[in-house]
Amino acid sequence: MAARPPTAEPPASDPPEPAAVARPRARDIAGSLAASVSGPALLPDDDDTEGLEQPVQLQLALRKSGVQGMAAAVPFNELKRGEHGAENARHPLEGAHDDLTDDEASASTVSEDADSDKLGDGMPRPGYNPNNGPLERVRVDSRHRAITTNQGVPVADNQNSLKAGLRGPTLMEDFILREKLTHFDHERIPERVVHARGSGAHGWFECYEPLGALCRADLFSEAGKRTPVFVRFSTVAGERGSADTVRDTRGFAVKFYTEEGNWDLVGNNIPVFFIQDAMKFPDVIHAVKPEPHHQMPQASSAHDTFWDFISLMPESLHHTLWVMSDRGIPRSYRTMQGFGVNTYRLVDEAGRARFVKFHWLPKAGTHSLVWDEAVKIADADPDYHRRDLWEAIESGNYPEWELALQVFTDEQAEAFSFDVLDPTKLVPEELVPLRRVGRLVLDRNPDNFFAETEQVAFCVAHVVPGIDFSNDPLLQGRIHSYLDTQLTRLGGPNFHEIPVNASVAQVHNHQRDGLHRQAVHRGRVAYEPNSLGGGCPTRRAWPATCRSATPCSMPARCRAGWACAWAA
């Protein structure tokens, strides 16, 4: 969900900020605690540890004293009353936290300073998650390296299995053979239910001008600002090995790695969809997929079950006309338009929301194949679109699109003769002209198709402050479905730690465990509020006043709950 808008100063009914509590020095408490563990009852001075028989007892005492000090600093939750009521919901307070947490008290173990080739120097960088950042941290280059097993054991013979004698049977103890075959047997993951066939590339988005008056998202904050992206194009109905040039809707999904988290704009090359409500999504996909009794036809929209469904769903006609037109067979991904399809909301720096439709306009123009061309190409080169995208980037002919917005208010939407929350309808450009706000350039092919293009996880629920949802019933269903499908396809809730999915923004929360967990969290606390972790990570404090650079007609307290800087 998009973050709440920035908040004003707390209303009078809010509880006061917690009073500062004088925390006792760790050493003052440690003397009394040291007697409870084996070792000296009195602690030496800071400069005098000579003669201390068991230094670990000092560490234990300091840890216990630090924990007691943190707990004493927060005897009860003074902010609890601020969690209730409409006014407090509009003005949430920053979570209580301690900026002076002792290293010993916040550690998982007093032995964390032990070092080794595996542990490193033992001490983590404060407030840092190394799983977020550039992909260079996980890129593997095996030049001038000997082959090993997955456990790092050198392999002398990668050509022959271990046998009992020259022509004897293969031995079960050949752990190198077993590891190699077992890994091979499990290389494939479930393909996407829809959009299984796809191609992707890295690039960047550049903003043309500051858009704070329309949207507070940081990628729109200044002219010339570049935000890294990963883009995946796809067909909808075909399986992973199907041809590229079939007649079908195409996916156009963009993952923006912004400074405030990942934003996934997941759309198609057609501005409308078959259905109005997510309740019908399984039905339309079942109808367009190969017929279940013989699994034919592959990657083809025009067949009996599809026509049967469409004939009984009049609202599907609009999308059907688009997919049966030239738009159903793009000449290239580079010459294909993209659309957000659903109606979203932009939230500006003053907290005001407006409806928006997203458009991607190819700089090379919009071009298509005719049916005869598509059939011949599918026979000669089923990877035609994938190859075209790869070779264009390799040759320096970088594909480029412009991002255009249709922005309109609630009042304008009410005046239209159609429902803007109906995804089977588009907003005519005669009513709301396009505004070009930036450009998208793809200039880097992936290092590895599986690691990046196949494992990338797009999710409509991934939005950032400044981007919000409308009540479009199809969009509301997509918010759930896109997240849900990754749990099966990528093996659990930690797919955000897969390098291509990891944000460049730091991730800190209390979510733990699950399959394939990568992060090793320090400390004993996995909940909020807390005192034993110094209250961290804590809730964010929002600015107290509106950041709009220009006056507006809103009252002193706008509907977003901000204190107005222009009220005077």
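Residues numbered from 1 in each chain as written. Predicted model: local features only at pLDDT ≥ 70, side-chain atom pairs only at ≥ 80, totals over all residues. Heavy atoms only, no water.

Undergrad: Mind laying out empty space enclosed by the protein, listing which residues take part and the relevant values?
TA: Applying the stated criterion across every chain, the model contains 4 cavities of 30 Å³ or more. Taken as a whole, the largest cavity holds about 80 Å³ of empty space. Taken together, Val236, Asp248, Thr249, Phe273, Phe274, Val284, Ile285, Val288, Ser301, His319 and Val323 make up the full set of residues lining the largest cavity. For the lining of the largest cavity, the secondary structure elements donating two or more residues are helix H6 (281-288) and helix H8 (317-323). Broken down by element, the lining of the largest cavity gets its largest block of residues, 3 residues, from H6. Along the lines of polarity and charge, the residues of the lining of the largest cavity split into 7 nonpolar, 3 polar and 1 charged. (1 Å grid on protein atoms, 1.4 Å probe; cavity = no way out; pocket = protein on both sides within 12 Å on 5 of 7 lines; lining within 4 Å. Points joined across faces, edges and corners; volume = space filled by probe spheres on them. Helix = DSSP H or I, 4+ residues; strand = E, 2+ residues; numbered from the N terminus. Nonpolar A, V, L, I, M, F, W, Y, C, P; charged D, E, K, R; others polar.)

Undergrad: Pulling in residues and values, what's your account of the layout of surface pockets?
TA: Approximately 800 Å³ is the volume found for the second largest pocket. Lining the second largest pocket are 33 residues, and of these Val194, His195, Phe281, Ser481 and Tyr482 sit closest to its centre. At the level of secondary structure, the elements contributing two or more residues to the lining of the second largest pocket comprise strand S2 (226-235), strand S3 (250-258), strand S4 (261-268), H6 and helix H13 (473-489). Residue contributions to the lining of the second largest pocket peak at 11 residues, all from H13. In the lining of the second largest pocket, the residues fall into 15 nonpolar, 13 polar and 5 charged.

Undergrad: For unusual backbone geometry, give the residues involved together with the corresponding values.
TA: In this structure, Pro297 follows Met296 across a cis peptide bond, with omega equal to -5°. With respect to the helices, strands and loops of the structure, Pro297 is situated in the loop between H6 and helix H7 (304-311). Following Glu528, the chain continues to Pro529 via a peptide bond in cis, the omega torsion being 10°. Along the polypeptide, Pro529 turns up in the segment after H13. Positioned with a positive phi, His144 is a non-glycine residue whose angle comes to about 60°. One non-glycine residue, Val341, lies in the positive phi region at around 65°. Its place among the elements puts Val341 in the loop between strand S5 (338-339) and strand S6 (344-347). Among the residues examined, Val341 registers a relative accessible area of 5% and is labelled buried. (Buried < 20%, exposed > 50% of the residue type's maximum accessible area, 1.4 Å probe, protein only.)

Undergrad: Can you lay out the packing of aromatic side chains for me, pointing to particular residues and giving the numbers?
TA: For the structure shown, the criterion picks out 20 aromatic pairs. For the ring pair Phe256 and Trp360, a centre distance of 6.3 Å and an interplane angle of 20° mean the geometry is stacked. Of the two residues, Phe256 is situated in strand S3 and Trp360 in strand S7 (residues 353-362); the sequence distance between them amounts to 104 residues. Residue classification places Phe256 among the buried positions, given a relative accessible area of 0%. The class of Trp360 is buried, set by a relative accessible area of 1%. Considering the side-chain rings of Phe416 and Phe418, the 5.2 Å spacing of their centres and the 15° angle between planes classify their relative orientation as stacked. Take Phe416: its relative accessible area is 15%, and that puts it in the buried class. Assessed through its relative accessible area of 17%, Phe418 is described here as buried. In this structure an aromatic cluster arises from ring pairing among Phe205, Phe220, Phe233, Phe252, Phe256, Trp263, Tyr333, Tyr344, Phe358, Trp360 and Trp401. The ring of Trp204 carries Arg226 above its face, with NZ or CZ at 3.5 Å from the centroid. (Phe/Tyr/Trp six-rings, centres within 6.5 Å; stacked < 30°, edge-to-face > 60°. Lys NZ or Arg CZ within 6 Å of the ring centre and 35° of its normal.)

Undergrad: So, the nonpolar core: which residues are in play, and what are the values?
TA: In terms of nonpolar packing, the biggest core is built from 53 residues, with Phe220, Trp263, Trp360 and Leu442 touching the most fellow members. The element that contributes the greatest number of residues to this core is S3, accounting for 5 residues. Setting aside residues up to four positions removed in sequence, Leu442 forms contacts with Ala201, His202, Gly203, Val229, Val231, Phe233, Leu389, Ile393, Tyr398, Pro399 and Trp401. Membership of the second largest hydrophobic core comes to 16 residues, among which are Val194, Ala287, Phe306 and Leu474. (Core = buried A, V, L, I, M, F, W, Y, C linked by side-chain atoms within 4.5 Å. Contact = heavy atoms within 4.5 Å.)

Undergrad: I'd like a rundown of H13, residues and numbers included.
TA: The end-to-end C-alpha distance of H13 is 25 Å, a good match for the 24 Å that 17 residues give at a rise of 1.5 Å each. Where H13 is concerned, the buried positions are Leu474, Leu475, Arg478, Ile479, Gln486 and Arg489. Lining the buried residues of H13 we find S4, S6, helix H12 (449-454) and strand S10 (467-469). Its side-chain oxygen placed 2.8 Å from the backbone nitrogen of Leu474, Asp472 serves as the N-cap of H13. Remark: Gly491 follows H13 within two positions and exhibits a positive phi of approximately 85°. (Expected span 1.5 Å × (residues − 1). Polar contact = N/O pair within 3.5 Å; in protein donor to acceptor, adjacent residues only side chain to side chain.)

Undergrad: Describe the side chain of Arg489, naming the residues involved and giving the relevant values.
TA: By secondary structure assignment, the location of Arg489 is in helix H13. Residue classification places Arg489 among the buried residues on the basis of a relative accessible area of 4%. One polar contact links the side chain of Arg489 to the main-chain carbonyl oxygen of Val456, over a distance of 3.0 Å. Once residues within four sequence positions are removed from consideration, Arg489 is found in contact with Ile189, Pro190, Glu191, Arg192, Glu454, Gln455, Val456 and Ala457.

Worth remembering: the numbers are spatial, not functional.
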